[in-house]
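The primary structure of each chain is shown beneath.
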Amino acid sequence: MAWRRLTALPRMSLRALPAVSLGVNIVNVKRVACSSANKEDEKPADKQADYWISGVSQGCNKTLPCTFDLYGGVMVDPATVPAEQDAFRTILASSLDEWMKRGKQGVWLRLDISAAALVPIAISEFGFEYHHAERDYVMMTKWLPSNCPNTLPHNASHTIGVGALVTNSEGKILLAREKSGPAARSKVWKIPTGLVDAGEDLHEAALREVKEETGIDATFEYCGAFTMSHGGLMRTRATSSLW
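Please read these numbers as outputs of a predicted model, since none were measured by experiment.

Reading the values: rules and limits
Residues numbered from 1 in each chain as written. Predicted model: local features only at pLDDT ≥ 70, side-chain atom pairs only at ≥ 80, totals over all residues. Heavy atoms only, no water. Helix = DSSP H or I, 4+ residues; strand = E, 2+ residues; numbered from the N terminus. Areas by Shrake-Rupley, 256 points an atom, 1.4 Å probe, with all protein chains shown as cover. pLDDT = per-residue confidence, 0-100. Contact = heavy atoms within 4.5 Å. Polar contact = N/O pair within 3.5 Å; in protein donor to acceptor, adjacent residues only side chain to side chain. Buried < 20%, exposed > 50% of the residue type's maximum accessible area, 1.4 Å probe, protein only. Phe/Tyr/Trp six-rings, centres within 6.5 Å; stacked < 30°, edge-to-face > 60°. Lys NZ or Arg CZ within 6 Å of the ring centre and 35° of its normal. Core = buried A, V, L, I, M, F, W, Y, C linked by side-chain atoms within 4.5 Å. Expected span 1.5 Å × (residues − 1). Arc of directions from axis to C-beta.

Draft legend 1. Looking closely at the overall build of the protein. Of regular secondary structure, the protein possesses 5 helices and 13 strands. In the form shown here, the protein has an accessible surface area of approximately 15,800 Å², with 53% of it arising from carbon and sulfur atoms.

Draft legend 2. Inspection of the confidence of the model for the protein at higher detail. Averaged over all residues, the pLDDT of the protein equals 80, while 74% of them reach at least 70. Of the regions scoring below 50 in pLDDT, residues 6-40 engages in 70 contacts with residues more than four places distant in sequence or in other chains.

Draft legend 3. Here's a closer look at the side chain of Lys 142. If you trace the backbone, Lys 142 turns up in strand E8 (residues 137-143). Excluding its chain neighbours within four sequence positions, the residues that come into contact with Lys 142 are Leu 96, Gln 105, Gly 106, Val 107, Phe 126, Gly 127, Phe 128 and Leu 152.

Draft legend 4. Structural detail: the side chain of His 131. Along the polypeptide, His 131 turns up in strand E7 (residues 129-134). At a separation of 2.8 Å, a polar atom in the side chain of His 131 contacts the main-chain carbonyl oxygen of Pro 153. In contact with His 131, not counting residues within four places along its chain, are Trp 108, Met 139, Met 140, Thr 141, Pro 153, His 154 and Asn 155.

Draft legend 5. Representation of the environment of Asp 97 within the structure. Turning to its location among the elements, Asp 97 is positioned in helix H2 (residues 85-101). For the pair Asp 97 and Thr 63, spaced 34 residues apart in the sequence, the C-alpha separation amounts to 9.1 Å.

Draft legend 6. View of helix H3 (residues 119-126). Taken together, the buried positions of H3 are Val 119, Ile 121, Ala 122 and Phe 126. Of the surrounding elements, those touching the buried residues of H3 are H2, strand E6 (106-112), E7 and E8. The positive-phi residue at the C-terminal boundary of H3 is Gly 127, with phi of around 75 degrees.

Draft legend 7. Representation of the packing of aromatic side chains in the model. Under the definition given, this model contains 0 aromatic pairs. For the cation-ring pair, Arg 110 lies above Tyr 137, with the distance from its terminal atom to the ring centre recorded as 4.0 Å.

Draft legend 8. Seen up close, the nonpolar core. Membership of the largest hydrophobic core comes to 24 residues, with the highest contact counts inside it found for Phe 88, Trp 99, Leu 109, Leu 111 and Phe 128. Secondary structure elements with two or more residues in this core: strand E4 (66-69), strand E5 (74-76), H2, E6, H3 and E8. The element best represented in this core is H2, accounting for 5 residues. Once residues within four sequence positions are removed from consideration, Leu 109 is found in contact with Val 76, Val 81, Phe 88, Ala 122, Phe 128, Val 138, Met 139 and Met 140. Within the second largest apolar cluster, 8 residues are counted, among which are Ala 164, Val 166, Leu 174 and Leu 202.

Draft legend 9. Molecular detail of unusual backbone geometry. With phi around 55 degrees, Lys 187 is a residue other than glycine that occupies positive phi space. Note on placement: Lys 187 falls in the loop between helix H4 (182-186) and strand E11 (193-195).

Draft legend 10. Region of the structure containing H2. Here H2 spans 24 Å end to end across 17 residues, near enough to the 24 Å set by a 1.5 Å rise per residue. Buried within H2 we find Phe 88, Ile 91, Leu 92, Ser 95, Leu 96 and Trp 99. Seen along its axis, H2 keeps its buried residues to an arc of 140 degrees; they face one direction. H2 presents Thr 90 and Lys 101 as exposed residues on the side facing more than 90 degrees away from its buried surface. Turning to H2, the residues buried within the fold contact E4, E5, E6, H3 and E8. The backbone nitrogen of Asp 86 has a side-chain oxygen 3.0 Å away, supplied by the residue at the start of H2, namely Glu 84. Count one or two residues on from H2 and you reach Gly 103, which has phi positive near 80 degrees.

Below you can see the structure in the form of structure tokens.
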């Protein structure tokens, strides 16, 4: 870690620093469960339900419990998926048939890691496709209509990084050397940078990276720049910046 005078750096050097910050407002929408008294029929969502929820079904012996969204989608309750393979086949087949009759479009089927044996069945026998996976589950989708194109959204494909330009009362800028990663190989002095964690606000990520890389507690003042790059974290082509 080192402090270098900010005035010693030319303007173009400052612009080349890999600081990444976004001037956007982030709105957190909390999921609130909605309920239905009828076990088979779709009912309107509660007043506090998410704006994209239209209703729920508690299911029956022929349909899986699920949530309905305003786009014609069906989100199966993963906690109610039967673990036994034949039972899974039977209720999934009857559920898909019922949802098609109701005019539903996309089906979202989450299978936890404990139900991994059901994944080949959903894919090979019912035409589900992989959407995304996390450490403890896989999400699959199936598009029901045959007369219109699949409009289900793709999996998230972006990562967001931050860089912190930290100065002290003497006008010096805070720089650090990485101990691992690509920057460590070149042994360059750089500002604290890193990726934003899931559920973390941009300014929180910037302050965390400063603390982790230098041990210094900083305070956030403003977002100064935005840049984006296509093709991966280390690609430099197709890049644009806003200062």
